[in-house]
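# Summary of structural features
So the chains spell out like this:
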Amino acid sequence: MCYEIVKRAKRYKDQVAVYSEGEAWKYGSIIHRAQHFATLLLGQKEDLAEARVAFMVNPAVDYVSVQWAIWIAGGIAVPLCLTYPPPSLDYVIQDTAADFIVASDEYLPLLEPLCQGERPIRLFSISGMMHSRMFPEKSLPVLNLSRKAMILYTSGTTNLPKGVVTTHANIKAQIEMLHKAWKWEGKDRTLCVLPLHHVHGIINVVCCSLWVGATCIFFPRFDPKEVVELLEIPSLTVFMAVPTIYYKLITYIEGLSDRRAGEIKGNLLKKRLMVSGSAALPVSVMEKWYEISGHWLLERYGMTEIGMAISNPYRRGKRKPGFVGLPLPTVEIRLVAEDGKEIKGEPGEIQVKGPAVFQEYWRRKEATEESFTEDGWFKTGDTAVLLDGYYKILGRTSIDILKSGGYKISAIEIEEVLRQYEGVDDCSVVGFPDDEWGELVCAAIIRKENTMINPDVFLQWLLERLPKYKIPRRIKWVDNLPRNAMGKVTKKDLIPLFENI
Ligand code: MCA
Ligand code: AMP
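First, a word on scope: everything that follows refers to the structure included in this document. The residue numbers shown here count from 1 along each chain, following its written sequence. For naming, the first written chain is A and the first written ligand is 1, with later ones following in the order written. Only residues with pLDDT of 70 or above have their local features reported here, since the model is predicted, and side-chain atom pairs are shown and tallied only from 80 upward, although totals for entire chains, interfaces and linings are computed over all residues. To obtain the side-chain values, all non-hydrogen atoms of the structure were included, while hydrogens and water were left out.

## A word on the overall build of the protein chain
Secondary structure assignment for the protein chain yields 16 helices and 25 strands. Here the globule rule is a power law, 2.2 Å times the number of residues to the power 0.38, and the radius of gyration is based on C-alpha atoms. Expected size for 501 residues packed as a compact globule is a radius of gyration near 23 Å; at 23 Å, the protein chain falls within 12% of this value. Expressed as lengths along the three principal axes of its C-alpha atoms, the size of the protein chain is roughly 70 × 55 × 55 Å. Accessible area is worked out with a 1.4 Å probe on protein chains only. A residue is then buried under 20% of its type maximum, exposed over 50%, and partly exposed in between. For the protein chain, buried positions account for 57% of its 501 residues. In the protein chain, the proportion of contacts linking residues at least 24 apart, taken out of those at least 6 apart, comes to 67%. For every accessible area listed, the method is Shrake-Rupley and the probe measures 1.4 Å; residues are considered covered only by the protein chains on display. Accessible surface for the protein chain amounts to roughly 21800 Å². Of this, 51% is attributable to carbon and sulfur atoms. In the protein chain, the 62 positive side-chain charges and the 61 negative ones have mean positions that sit 6 Å from each other. A run of H or I in DSSP counts as a helix once it spans at least four residues, and a run of E counts as a strand once it spans at least two, with each numbered from the N terminus. Contacts are residue-level and defined by heavy atoms, with any inter-residue pair within 4.5 Å sufficient. Neither His nor the chain termini are counted; the positive set is Lys and Arg, and the negative set is Asp and Glu. The location of each charge is read from NZ of Lys, CZ of Arg, CG of Asp or CD of Glu.

Below you can see the structure in the form of structure tokens.
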């Protein structure tokens, strides 16, 4: 069971679990905080019984304490993105029908109005919880592994993001496979610079390290200089990031003197493991990182719905540039042609089975059914080919899914928002290939007749409705959109429009 993470933590009571905001936190004191928070969340109840607890908590000891509190009290953890504007937060809070929200104090002004709708939502502040009277420790519910543990929102080919529900059993499987494959140990120290509302940060970095008694160092924002300095700490052993982060680190290190770059290389060489994932790792980035650090990055492939599925080898075997490797322990993979038949030696859709695969899309029975085959394979929508025993990702089956900075983005969702702007008649959103971001969000927009659009006012309007990473980076004002005989926009024809602007 996933609250097993807390049970296991009792074994490591005197070891440092978390280093955040300049302080070291032992496992024992985090368990204590989690129990106190769990008691407050439970109130008179014996069990939160899968109540949704949304939390907007900074990446630090508070995050771990709240996550553990929700789990031991029997709730479902719904981590909120710290940079979402109110409409995006409200969507997640309403879609999950969250009963409680826990927040770092600075987010209270943003969240208070969202809790004042018809449905009562109880808002807890971290400082309020910390200062509230200590109640005698409650006996906590006994949880079954099949209970729902977490809901993460992911963009799809439809308009609004869907909640991906994972059970305690799914999370346990996701953690254990990475332990086995990447040899996590209690003496590891990792650095968390990733956002904590996605699998990459939550499972691969935070949960994996804390499962085994290792230490997770939280750094609240990505800054290349500070991250390089932290990576140089001799006891730091493991680092995981998206390709954009490696690209930014390379750019920073290339701007330094040869002496300093040499010093950094010497320090990075001592790391045990450096992983890249969440988006395709360009071969040029892998090669440059090797020159800079002496590490061939371990590239792996995963998805919110399945955790990690395919990985290059940790020790035995070559890490092949441009390939994601072989199936991880307990993961079954097959490639399937358009007619639904399994194929070998040719490109096909990746389908996945195994204990790590999610349970359902939250309250979306039809979408859940559509995403699985009749015999229980999850359809990823990614195309791959198997060459010499290694999988190579070729792209996605839908042009409407973008990856920018490691974030999955739905073009349809952005188009729906753009069309609500009074001066916009129609639009189409595509991803334009970019070395740094993977893809840049680009929009071709038709203005309404005789309308002027002030770009600054338009941008401000967008920022109030969409998170920064979903904002179009390039806009092309057009008179028409290219369409096929059925009237559907031929998005491939749009992509060249965004060159050199
Ligand atoms: C921000 N900027 C962008 C983008 N995002 N420009 C183009 N495209 C973008 N997508 C601009 C901002 O407007 C700003 O510009 C400048 O970059 C810095 O913005 P900031 O938000 O501070 O960016 P950052 O902190 O440098 O962020 C880059 C980042 C971040 C650290 C790479 O995007 C990130 O944390 N990505 C990781 C996402 C992740 O964890 N994905 C995992 C999901 P200006 O200064 O001009 O305003 S996938 C997953 O979980 C699956 C299971 C898996 O396989 O792992
Ligand atoms: P998310 O839904 O945010 O979890 O993103 C999952 C998607 O990221 C997958 O379906 C892939 O399209 C993409 N992805 C993850 N890892 C890789 C990788 N190593 N190479 C290419 N694409 C990847």
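## Notes on the site of ligand 1
Within the structure, ligand 1 sits among 26 residues, and Ser278, Arg300, Ser404, Gly405 and Arg473 are positioned closest to it. Counting of polar contacts relies on pairs of N or O atoms within 3.5 Å, with two restrictions inside protein: one atom must be capable of donating a hydrogen and the other of accepting it, and residues adjacent in sequence are counted only when both atoms are side-chain atoms. Arg300 is positioned such that a nitrogen or oxygen atom in its side chain is 2.7 Å from an oxygen atom of ligand 1. Here a nitrogen atom of ligand 1 sits 2.8 Å away from a polar atom, N or O, in the main chain of Gly405. Protein contact buries 74% of the 1100 Å² of open area that ligand 1 shows by itself. Throughout, near means a residue has at least one heavy atom within 4 Å of the molecule or strand.

## Remarks on the site of ligand 2
In the vicinity of ligand 2, 16 residues are found, and the nearest of them are Glu299, Arg300, Thr304, Asp382 and Lys403. In this structure, an oxygen atom belonging to ligand 2 sits 3.3 Å away from a main-chain N or O atom of Ser278. Measuring from an oxygen atom of ligand 2, one finds a side-chain N or O atom of Lys408 at 3.3 Å. Contact with the protein chains covers 93% of the free accessible surface of ligand 2, which is 500 Å². Put simply, the parts of the chain that give the shell around ligand 2 at least two residues each are β13 (298-303) and β20 (390-396). Under the scheme applied, nonpolar residues are Ala, Val, Leu, Ile, Met, Phe, Trp, Tyr, Cys and Pro; charged residues are Asp, Glu, Lys and Arg; polar residues are all the others, including Gly. Considered class by class, the residues forming the shell around ligand 2 number six nonpolar, four polar and six charged.

## Quick look at helix α14 (residues 411-419)
Of the positions making up α14, those classed as buried are Ala411, Glu413, Ile414, Glu415, Val417 and Leu418. On its buried face, α14 is in contact with β21 (401-404), β22 (407-410), β23 (424-434), β24 (438-447), α15 (455-463) and α16 (491-494). Of the residues that open α14, the one with a side-chain oxygen 3.3 Å from the backbone nitrogen of Ile412 is Ser410.

## As for the side chain of Glu415
As for its position among the elements, Glu415 is in helix α14. Reaching out from Glu415, the side chain makes a polar contact with the backbone nitrogen of Val429 at a distance of 2.7 Å. Contacts of Glu415, omitting those with residues within four sequence positions, involve Cys427, Ser428, Val429 and Lys491.

## As for the packing of aromatic side chains
Between rings of Phe, Tyr and Trp, where Trp is taken as its six-membered ring, a pair exists when centres lie within 6.5 Å; planes separated by under 30 degrees are stacked, by over 60 edge-to-face, and by other angles tilted. Applying the stated criterion to the full structure yields 16 aromatic pairs. With a centroid separation of 3.7 Å and 5 degrees between ring planes, the pair formed by Tyr407 and Tyr469 is classed as stacked. Here Tyr469 lies in the loop between α15 and β25 (474-477) and Tyr407 lies in strand β22, a separation of 62 residues in the sequence. Taken together, Phe358, Tyr361, Phe372 and Phe378 form an aromatic cluster joined through their ring pairs. Above the ring of Tyr361, the side-chain terminus of Lys162 is found at 4.8 Å from the ring centroid. Only when the NZ atom of a Lys or the CZ atom of an Arg is both within 6 Å of the ring centre and within 35 degrees of the ring normal do we say a charge sits over the ring.

## Quick word on the pattern of salt bridges
By salt bridge we mean one thing: a side-chain nitrogen of Lys or Arg within 4 Å of a carboxyl oxygen of Asp or Glu. The full count for this structure, using the stated rule, is 24 salt bridges. Here Lys365 and Glu369 are joined by a salt bridge, their closest N and O atoms 3.2 Å apart. In this pair, Lys365 and Glu369 are both assigned in helix α13 (residues 365-371), four residues apart and thus about one turn of the helix distant. Exposure remark for Lys365: the relative accessible area of 64% places this residue in the exposed category. It is possible to trace a salt-bridge network through shared partners that takes in Asp400, Glu415, Arg419, Asp426, Arg483 and Lys491.

## Some words on the nonpolar core
Soluble globular proteins tend to pack their nonpolar side chains together in the buried interior. The biggest cluster of nonpolar side chains holds 121 residues, and the ones touching the most others in it are Trp68 and Phe239. Residue contacts for Phe239: discarding those within four places in its chain leaves Thr190, Leu191, Val193, Val227, Leu231, Ile245, Tyr246, Leu249, Leu273, Met274 and Val275. If you look at the next biggest cluster of nonpolar residues, it comprises 45 residues, including Ala54, Phe458, Trp461 and Tyr469. The criterion is simple. A nonpolar core is a set of buried Ala, Val, Leu, Ile, Met, Phe, Trp, Tyr and Cys residues joined through side-chain atoms within 4.5 Å.

## Describing the sheet that holds strand β11 (residues 238-241)
Strand order in the open sheet formed by nine strands is β2-β1-β10-β9-β11-β12-β13-β14-β15, and the pairing between neighbours is mixed. Only two strands of the sheet have a single neighbouring strand rather than two, namely β2 (23-26) and β15 (326-327). Note that strand β1 (residues 16-20) and strand β10 (residues 215-218) share two bridges and pair parallel. Bridged to Tyr19 within β10 is Ile217. Each pair of strands is called paired provided DSSP finds at least two bridges between the two strands.

## Overview of a positive patch on the surface
Judged by side-chain charge, Lys180, Lys183, Arg315 and Arg316 come together as a positively charged surface patch. One can find Arg316 in the loop between β14 (307-311) and β15. Residues qualify for a patch when their relative accessible area is over 30% and they have no salt bridge, like charges being joined within 9 Å and the nonpolar side chains of Val, Leu, Ile, Met, Phe, Trp and Tyr within 5 Å.

## Points about helix α8 (residues 199-211)
With 13 residues, α8 should cover 18 Å at 1.5 Å per step; its first-to-last C-alpha distance of 15 Å lies more than 12% under that length. Among the 13 residues of α8, 13 are classified as buried, and the element is accordingly described as predominantly covered. Of the residues trailing α8, Gly213 is marked for its positive phi of about 85 degrees. Expected span of a helix: the number of residues minus one, times 1.5 Å.

## Looking at the packing of helix α10 (residues 243-254) against helix α12 (residues 283-293)
Where α10 meets α12, the closest approach of the two axes is 10 Å, and the angle between their N-to-C directions is 45 degrees. By the angle between their directions, the pair α10 and α12 is classed as oblique. Crossing of α10 against α12: the hand is left-handed. The residues of α12 that touch α10, namely those facing Tyr246, Tyr247, Leu249, Ile250, Ile253 and Glu254, are Val285, Lys288, Trp289 and Ile292. A per-class count over the contact of α10 with α12 returns eight nonpolar, no polar and two charged. For helices, the fitted line uses only the C-alpha atoms of the stretch in contact; every axis is such a line through C-alpha atoms, and the angle between N-to-C directions lies from 0 to 180 degrees. Any angle that falls under 35 degrees is termed roughly parallel, while one over 145 is termed roughly antiparallel, one within 65 to 115 roughly perpendicular, and all others oblique. Left-handed describes a crossing whose near helix is turned anticlockwise from the far helix through less than a right angle; right-handed describes the clockwise counterpart.

## As for the pairing of strand β9 (residues 189-192)
Relative to β10, β9 runs parallel, the two being bridged by four bridges. Directly across from Thr190, in β10, lies its bridge partner Cys216. By convention, a crossover is right-handed whenever its connection, traced from the first strand over the helix to the second and viewed with the strands pointing away, goes clockwise. What joins β9 to β10 is α8, and the crossover it makes is right-handed.

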